[in-house]
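One-letter residues, chain by chain:
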Amino acid sequence: MVKHLDDNDLTSIDHIGLALWRAAQGWRNHMRAELAARGYPWHQSAAGEVLAHLGPSGISQALLTERMGLSKQAVQQLVDQLEAQGVVGRAPDPSDGRAKRIVLTELGLADFAERNKVKRLIEKQYREKLGPEAFTALEAALAKLAD
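Basis of the calculations
Residues numbered from 1 in each chain as written. Predicted model: local features only at pLDDT ≥ 70, side-chain atom pairs only at ≥ 80, totals over all residues. Heavy atoms only, no water. 1 Å grid on protein atoms, 1.4 Å probe; cavity = no way out; pocket = protein on both sides within 12 Å on 5 of 7 lines; lining within 4 Å. Points joined across faces, edges and corners; volume = space filled by probe spheres on them. Helix = DSSP H or I, 4+ residues; strand = E, 2+ residues; numbered from the N terminus. Core = buried A, V, L, I, M, F, W, Y, C linked by side-chain atoms within 4.5 Å. Buried < 20%, exposed > 50% of the residue type's maximum accessible area, 1.4 Å probe, protein only. Contact = heavy atoms within 4.5 Å. Arc of directions from axis to C-beta.

### Some remarks on the layout of surface pockets
What the largest pocket holds in volume is close to 750 Å³. As for the largest pocket, its lining consists of 24 residues, of which Ala23, Ala24, Trp27, Arg28 and Tyr126 are closest to the centre. Broken down by secondary-structure element, the contributors of at least two residues to the lining of the largest pocket are helix H1 (16-37), helix H4 (106-130) and helix H5 (132-146). No other element matches the nine residues that H1 contributes to the lining of the largest pocket.

Have a look at this one:
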(Lines give C-alpha, C1' and ligand atoms only; values in the text may rest on other atoms or scores of the structure.)
Protein backbone atom coordinates (compact mmCIF):
# COMPACT_ATOMS: atom_id res chain seq x y z
CA MET A 1 0.00 0.00 0.00
CA VAL A 2 1.37 3.44 -0.96
CA LYS A 3 1.16 6.13 1.67
CA HIS A 4 0.11 9.52 0.32
CA LEU A 5 1.95 12.48 1.72
CA ASP A 6 -0.22 15.07 3.38
CA ASP A 7 0.88 18.60 2.43
CA ASN A 8 -0.74 19.82 5.64
CA ASP A 9 1.38 17.55 7.85
CA LEU A 10 3.87 20.01 9.31
CA THR A 11 5.67 17.39 11.40
CA SER A 12 7.61 16.30 8.32
CA ILE A 13 9.17 19.76 7.92
CA ASP A 14 11.65 19.50 10.80
CA HIS A 15 14.83 17.79 9.64
CA ILE A 16 18.58 18.06 10.11
CA GLY A 17 18.92 20.51 7.24
CA LEU A 18 16.50 22.89 8.90
CA ALA A 19 18.26 22.49 12.25
CA LEU A 20 21.61 23.28 10.60
CA TRP A 21 20.10 26.30 8.84
CA ARG A 22 18.61 27.61 12.09
CA ALA A 23 21.93 27.17 13.89
CA ALA A 24 23.77 28.97 11.08
CA GLN A 25 21.20 31.79 11.11
CA GLY A 26 21.59 32.08 14.88
CA TRP A 27 25.37 32.34 14.50
CA ARG A 28 25.06 34.91 11.69
CA ASN A 29 22.52 37.03 13.59
CA HIS A 30 24.64 36.99 16.75
CA MET A 31 27.73 37.92 14.73
CA ARG A 32 25.98 40.78 12.91
CA ALA A 33 24.46 42.24 16.07
CA GLU A 34 27.72 42.06 18.02
CA LEU A 35 29.74 43.68 15.23
CA ALA A 36 27.17 46.45 14.78
CA ALA A 37 27.28 47.09 18.54
CA ARG A 38 31.08 47.39 18.29
CA GLY A 39 30.86 50.10 15.64
CA TYR A 40 30.77 48.10 12.39
CA PRO A 41 27.17 48.73 11.23
CA TRP A 42 27.60 47.45 7.66
CA HIS A 43 27.32 43.91 9.02
CA GLN A 44 23.58 44.54 9.49
CA SER A 45 23.18 44.90 5.69
CA ALA A 46 23.71 42.52 2.79
CA ALA A 47 26.99 44.30 2.02
CA GLY A 48 28.44 42.86 5.22
CA GLU A 49 28.23 39.37 3.69
CA VAL A 50 31.04 40.35 1.31
CA LEU A 51 33.43 40.53 4.25
CA ALA A 52 32.90 36.86 5.12
CA HIS A 53 34.78 36.07 1.90
CA LEU A 54 37.50 38.69 2.23
CA GLY A 55 40.75 38.30 4.14
CA PRO A 56 43.74 40.60 4.63
CA SER A 57 45.21 39.71 1.22
CA GLY A 58 42.00 40.59 -0.65
CA ILE A 59 40.22 38.65 -3.36
CA SER A 60 39.59 39.06 -7.07
CA GLN A 61 36.15 40.39 -7.84
CA ALA A 62 35.53 37.40 -10.13
CA LEU A 63 36.34 34.90 -7.35
CA LEU A 64 34.26 36.89 -4.87
CA THR A 65 31.30 36.71 -7.25
CA GLU A 66 31.78 32.95 -7.63
CA ARG A 67 32.03 32.35 -3.87
CA MET A 68 29.00 34.47 -3.05
CA GLY A 69 26.88 32.80 -5.72
CA LEU A 70 25.44 36.13 -6.84
CA SER A 71 25.44 37.99 -10.13
CA LYS A 72 28.41 40.15 -11.03
CA GLN A 73 26.18 43.24 -10.83
CA ALA A 74 24.87 42.35 -7.35
CA VAL A 75 28.36 41.79 -5.97
CA GLN A 76 29.55 45.04 -7.57
CA GLN A 77 26.73 46.94 -5.82
CA LEU A 78 27.61 45.39 -2.45
CA VAL A 79 31.30 46.20 -2.92
CA ASP A 80 30.35 49.75 -3.97
CA GLN A 81 28.46 50.16 -0.68
CA LEU A 82 31.43 48.98 1.38
CA GLU A 83 33.79 51.15 -0.66
CA ALA A 84 31.61 54.21 0.00
CA GLN A 85 31.88 53.48 3.73
CA GLY A 86 35.66 53.18 3.52
CA VAL A 87 35.79 49.47 4.36
CA VAL A 88 37.19 48.14 1.07
CA GLY A 89 38.94 49.46 -1.98
CA ARG A 90 39.67 48.23 -5.46
CA ALA A 91 43.20 47.61 -6.66
CA PRO A 92 44.69 46.17 -9.85
CA ASP A 93 44.97 42.39 -9.67
CA PRO A 94 48.67 41.49 -10.04
CA SER A 95 47.80 38.17 -11.70
CA ASP A 96 45.48 39.78 -14.29
CA GLY A 97 46.03 43.37 -15.37
CA ARG A 98 42.44 43.71 -16.58
CA ALA A 99 40.88 42.49 -13.32
CA LYS A 100 40.29 44.24 -10.03
CA ARG A 101 41.08 42.93 -6.60
CA ILE A 102 38.90 43.85 -3.63
CA VAL A 103 41.13 44.77 -0.69
CA LEU A 104 40.52 45.81 2.89
CA THR A 105 41.30 49.39 3.86
CA GLU A 106 42.69 50.28 7.27
CA LEU A 107 39.10 50.34 8.56
CA GLY A 108 38.46 47.00 6.83
CA LEU A 109 41.50 45.48 8.53
CA ALA A 110 40.21 46.71 11.91
CA ASP A 111 36.87 45.11 11.03
CA PHE A 112 38.65 41.85 10.16
CA ALA A 113 40.43 41.79 13.53
CA GLU A 114 37.17 42.54 15.35
CA ARG A 115 35.36 39.76 13.43
CA ASN A 116 37.96 37.31 14.70
CA LYS A 117 37.39 38.48 18.29
CA VAL A 118 33.63 38.10 17.91
CA LYS A 119 34.01 34.63 16.36
CA ARG A 120 36.09 33.53 19.34
CA LEU A 121 33.55 35.03 21.75
CA ILE A 122 30.62 33.21 20.13
CA GLU A 123 32.61 29.98 20.00
CA LYS A 124 33.40 30.34 23.72
CA GLN A 125 29.70 30.84 24.45
CA TYR A 126 28.80 27.75 22.43
CA ARG A 127 31.49 25.71 24.18
CA GLU A 128 30.13 26.79 27.57
CA LYS A 129 26.55 26.03 26.54
CA LEU A 130 27.31 22.56 25.14
CA GLY A 131 30.22 21.59 27.35
CA PRO A 132 33.71 20.89 26.01
CA GLU A 133 33.08 17.27 25.03
CA ALA A 134 29.85 17.96 23.13
CA PHE A 135 31.41 21.02 21.48
CA THR A 136 34.38 18.97 20.27
CA ALA A 137 32.00 16.28 18.98
CA LEU A 138 29.96 18.94 17.16
CA GLU A 139 33.09 20.35 15.51
CA ALA A 140 34.10 16.86 14.37
CA ALA A 141 30.62 16.04 13.08
CA LEU A 142 30.36 19.29 11.13
CA ALA A 143 33.83 18.77 9.64
CA LYS A 144 32.82 15.26 8.58
CA LEU A 145 29.58 16.53 6.99
CA ALA A 146 31.48 19.27 5.13
CA ASP A 147 34.06 16.81 3.82
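### Considerations on the nonpolar core
By size, the foremost hydrophobic cluster in this structure holds 21 residues, and its most contacted members are Leu51, Leu64, Leu82 and Val88. Put simply, the parts of the chain that give this core at least two residues each are H1, helix H2 (61-68), helix H3 (72-84), strand E3 (96-104) and H4. Ranked by the residues each element gives to this core, the list is headed by H3, at four residues. When residues no more than four places from it in sequence are discounted, the contact partners of Val88 are Leu51, Leu54, Val79, Leu82, Glu83, Ile102, Val103, Leu104 and Thr105.

### Looking at H2
When H2 is considered as a whole, its buried residues turn out to be Gln61, Leu64, Thr65 and Met68. Around the axis of H2, the buried residues are gathered within 100° of arc, so they sit on the same side. Facing away from the buried side of H2 by over 90 degrees, the exposed positions are Ala62 and Glu66. Its buried side turned inward, H2 meets strand E1 (59-60), H3, strand E2 (88-93) and E3. A positive phi of about 70° marks Gly69, the residue just after H2.

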